[in-house]
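Summary of the model geometry
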Amino acid sequence: QVQLVESGGGLVEAGGSLNLSCTTSGFTFETSRMGWYRQAPGKECDFVAGILGGGSTYYGDSVKGRFTISRDNAKKILYLQMNMLNVENTAVYYCTASLDIDYWGQGTQVTVSS
């Protein structure tokens, strides 16, 4: 059974940082394509960042240079380091795993205050 559990969200001031984690189980994490998406209030879901099994990374334009996606294959954990946060980054952040289908976690709330 595939499980994705996000943590690390919270309230932070603009300019601050947060590090999100996604603890996984139930699939072969080390070879799977993983990603982060987010959904702000009243808006559609946005792609944030992705990482392939081999470690190659790719980012949405709005977060390039500020966010870093990484993975610990031994611990089966996906991370998203978010720096220089601004109020537009306020959203629920979701961890995803692209397997036979796409799996999503339950999300973690990130709120950035001005």
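Refer to the structure printed above.
One numbering rule holds for all chains: residues counted from 1, following each sequence as written. Selection of residues for local features in this predicted model requires a pLDDT of at least 70, selection of side-chain atom pairs for listing and counting requires 80 or more, and totals for whole chains, interfaces and linings are taken over all residues. Side-chain figures throughout are based on the complete set of non-hydrogen atoms in the structure, without hydrogens or water.

1. What to know about the nonpolar core
- We call a set of buried residues a nonpolar core when its members are Ala, Val, Leu, Ile, Met, Phe, Trp, Tyr or Cys and they connect through side-chain atoms within 4.5 Å of each other. Buried residues are those whose accessible area, probed at 1.4 Å on protein chains only, stays under 20% of the maximum for their type, while exposed residues exceed 50% and partly exposed ones sit between those limits. With 26 residues, the main nonpolar core has Met-34, Trp-36, Leu-78, Leu-80, Met-82 and Tyr-93 as its most contacted residues.
- Looking at this core, the elements with two or more residues in it are β3 (18–25), β4 (33–39), β5 (45–51), β7 (67–72), β8 (77–82), β9 (91–98) and β11 (108–113).
- We count a stretch as a helix when DSSP gives it H or I for four or more residues in a row; a strand needs E for two or more, and each element gets its number in order from the N terminus. Here this core takes 4 residues from β9, the largest share from any one element.

2. Some remarks on the pattern of salt bridges
- Salt bridge, as applied in this entry: a Lys or Arg side-chain nitrogen positioned within 4 Å of an Asp or Glu carboxyl oxygen. Applying the stated rule across the entire model yields 2 salt bridges.
- With its nearest N and O atoms 3.3 Å apart, the salt bridge here joins Glu-30 to Lys-76. With Glu-30 in the loop between β3 and β4 and Lys-76 in the loop between β7 and β8, the pair connects residues that are 46 residues apart, well separated along the chain.
- The partly exposed category is assigned to Glu-30, whose relative accessible area is 32%.

3. Some words on the environment of Glu-44
- As for its placement among the helices and strands, Glu-44 is situated in the loop between β4 and β5.
- The spatial distance from the C-alpha of Glu-44 to the C-alpha of Arg-66 is 21 Å, given a sequence separation of 22 residues.
- Working rule for contacts: check all heavy atoms of both residues, and any pair within 4.5 Å makes them a contact. Filtering out sequence-adjacent residues up to four positions away, Glu-44 remains in contact with Arg-38 and Gln-39.

All quantities given are derived from atomic positions and should not be read as evidence of function.
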